[in-house]
Amino acid sequence: MEEKLLKGAPVADKITEEVKEYIQKNNIKTALAIILVDERPDSLTYIRLKRKKCEELGIRSFLFTFTRDNPVQHILDLIDELNDNNAVNGIIVQLPLPNTFTDEDEYKILNRISPEKDVDGFHEVNMGKLMLNKDAFIPCTAEGCYELIKHYKIDLHGKHVVIIGSSKVVGLPLSILLLHKGATVTMCNVNTRNIKDITVKADILISACGVASLIKKDWIKNNIVIIDVGINHIIDANDKERIVGDVDFHDVLDKVKYITPVPGGVGPLTVATLMKHVARI
Ligand code: GUN
């Protein structure tokens, strides 16, 4: 089984080491500002991991928290201040925003961040540049998936990649990135009909839809590569809380060539890629 696992930690450690060397060699002083609206437990966990990694690398980090009923304007005002603050060169807004915020609010907030400080790559300028294959900040989990593929020398050229989930955080930017890297990409989302007819044709299947253990062995062909971006909290048969991916790992294991474990797969790459962006490597 071990030889089938695409583990994220060695890739993330390599990126982190590069960032560390770069920061030390060039004596870089940099800071990341994190904006959190409403204290979701999972968001707090991700932020803790991001700040811990910053500390390890000598990057200062600042956390600004708002409540779910805070006016959007207060957040925009803070972003304006951070945009003007030369000591801060990365600004992120932890997603998702609470449901008291509309899509329009989210759009306004993410687009208020200066594109040069938008280390999450969610600003329309960075998204647009990605579409056109220009140098840009690419959303960290999407870029992290590509780093994983590159590290394990998985050939993309002419390969049929099927991506489940079309969010701007992962699926959508990753589809564009892999298209630029020579893959043939099919995107699926909740509206896709007869999804198995599509996934059985995949050479590489990437799932970022957030449905626990959705993908079973009859969804895939033999010798497939699976990248499971899902992080789903479930209560197992023994009443214990566990994290599982979008893929039923044990069901598909016999058929796959490679698969990312959950946890232990893509997870650490999001933070490592964010650090790379903050350090401007
Ligand atoms: N929520 C889930 N993934 C991410 C991410 O990469 N960045 C931010 N800001 N929020 C997220």
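Keep in mind that this is a model prediction, so the values were computed, not measured. (Residues numbered from 1 in each chain as written. Predicted model: local features only at pLDDT ≥ 70, side-chain atom pairs only at ≥ 80, totals over all residues. Heavy atoms only, no water.)

Strands sit in the order β5-β4-β6-β7-β10 across an open sheet of 5 strands; the sheet is parallel. The outermost strands of the open sheet, each flanked by one partner alone, are β5 (184-188) and β10 (256-259). Within the sheet, the average angular offset between the axes of one strand and its neighbour, ignoring direction, is 20°. Pairing of strand β7 (residues 224-228) with β10 involves 3 bridges; the strand directions are parallel. Each residue of the ladder has a partner; that of I226, found in β10, is I259. In the packing of helix α7 (residues 171-180) onto the sheet, contacts are made with β4 (160-164), β5 and β6 (204-207), and the angle to β5 comes to roughly 165°. (Pairing = 2+ DSSP bridges. Helix = DSSP H or I, 4+ residues; strand = E, 2+ residues; numbered from the N terminus. Axes fitted to C-alpha atoms, helices over the stretch in contact; angles between N-to-C directions. Contact = heavy atoms within 4.5 Å.)

The next point concerns the sheet that holds strand β2 (residues 60-66). Spatial strand order, β2-β1-β3: 3 strands in an open sheet with parallel pairing. Each edge of the open sheet is held by one strand with a lone partner, namely β2 and β3 (90-93). Looking at each pair of strands side by side, their axes are set apart by 15° on average, direction ignored. Sheet topology places strand β1 (residues 31-37) next to β2; 7 bridges connect them, and they run parallel. Counted as the bridge partner of I34 is L63 from β2. Along the sheet face, helix α2 (residues 41-57) touches β1, β2 and β3 and points at about 170° away from the line of β1. Lying on the sheet, helix α3 (residues 72-84) is in contact with β1, β2 and β3; it crosses β1 at an angle near 180°.

Most of β7 is tucked away, with 5 of its 5 residues classed as buried. Because side chains alternate across β7, one face comprises the buried residues I224, I226 and D228, and the other comprises V225 and I227, equally buried. Across 4 bridges, the pairing between β6 and β7 is parallel. Each residue of the ladder has a partner; that of I206, found in β7, is I227. (Buried < 20%, exposed > 50% of the residue type's maximum accessible area, 1.4 Å probe, protein only.)

On to the nonpolar core. Among the nonpolar cores identified, the biggest contains 48 residues, and L178 and I206 are the most heavily contacted of them. Ranked by the residues each element gives to this core, the list is headed by helix α10 (residues 267-279), at 7 residues. Split by domain, this core shows at least three residues from each of two domains, domain 1 (27-114) and domain 2 (139-267). Formed by 21 residues, the second largest nonpolar core is a distinct cluster that contains V88, I91, F101 and M127. (Core = buried A, V, L, I, M, F, W, Y, C linked by side-chain atoms within 4.5 Å. Domains from an automatic or database assignment.)

Moving on: unusual backbone geometry. The omega angle of the peptide bond from L95 to P96 is 0°, so this bond is cis rather than trans. As for its placement among the helices and strands, P96 is situated in the loop between β3 and α4 (103-112). Going from V262 to P263, the amide bond is cis rather than trans, its omega being -5°. Topologically, P263 is positioned in the loop between β10 and α10. Backbone geometry at N194 places phi at a positive 50°, although glycine is not the residue there. Structurally, the position occupied by N194 is in the loop between β5 and α8 (195-199). Classification of N194 as exposed rests on a relative accessible area of 58%.

Between its terminal C-alpha atoms helix α6 (residues 140-151) stretches 16 Å, which fits the 16 Å expected from 12 residues at 1.5 Å a residue. Most of α6 is tucked away: 10 of the 12 residues are buried. Turning to α6, its buried residues number three or more, namely C140, T141, A142, E143, G144, C145, Y146, E147, L148 and I149. Contacts from the buried residues of α6 go to α1 (9-25), α7, β6, β7 and α10. (Expected span 1.5 Å × (residues − 1).)

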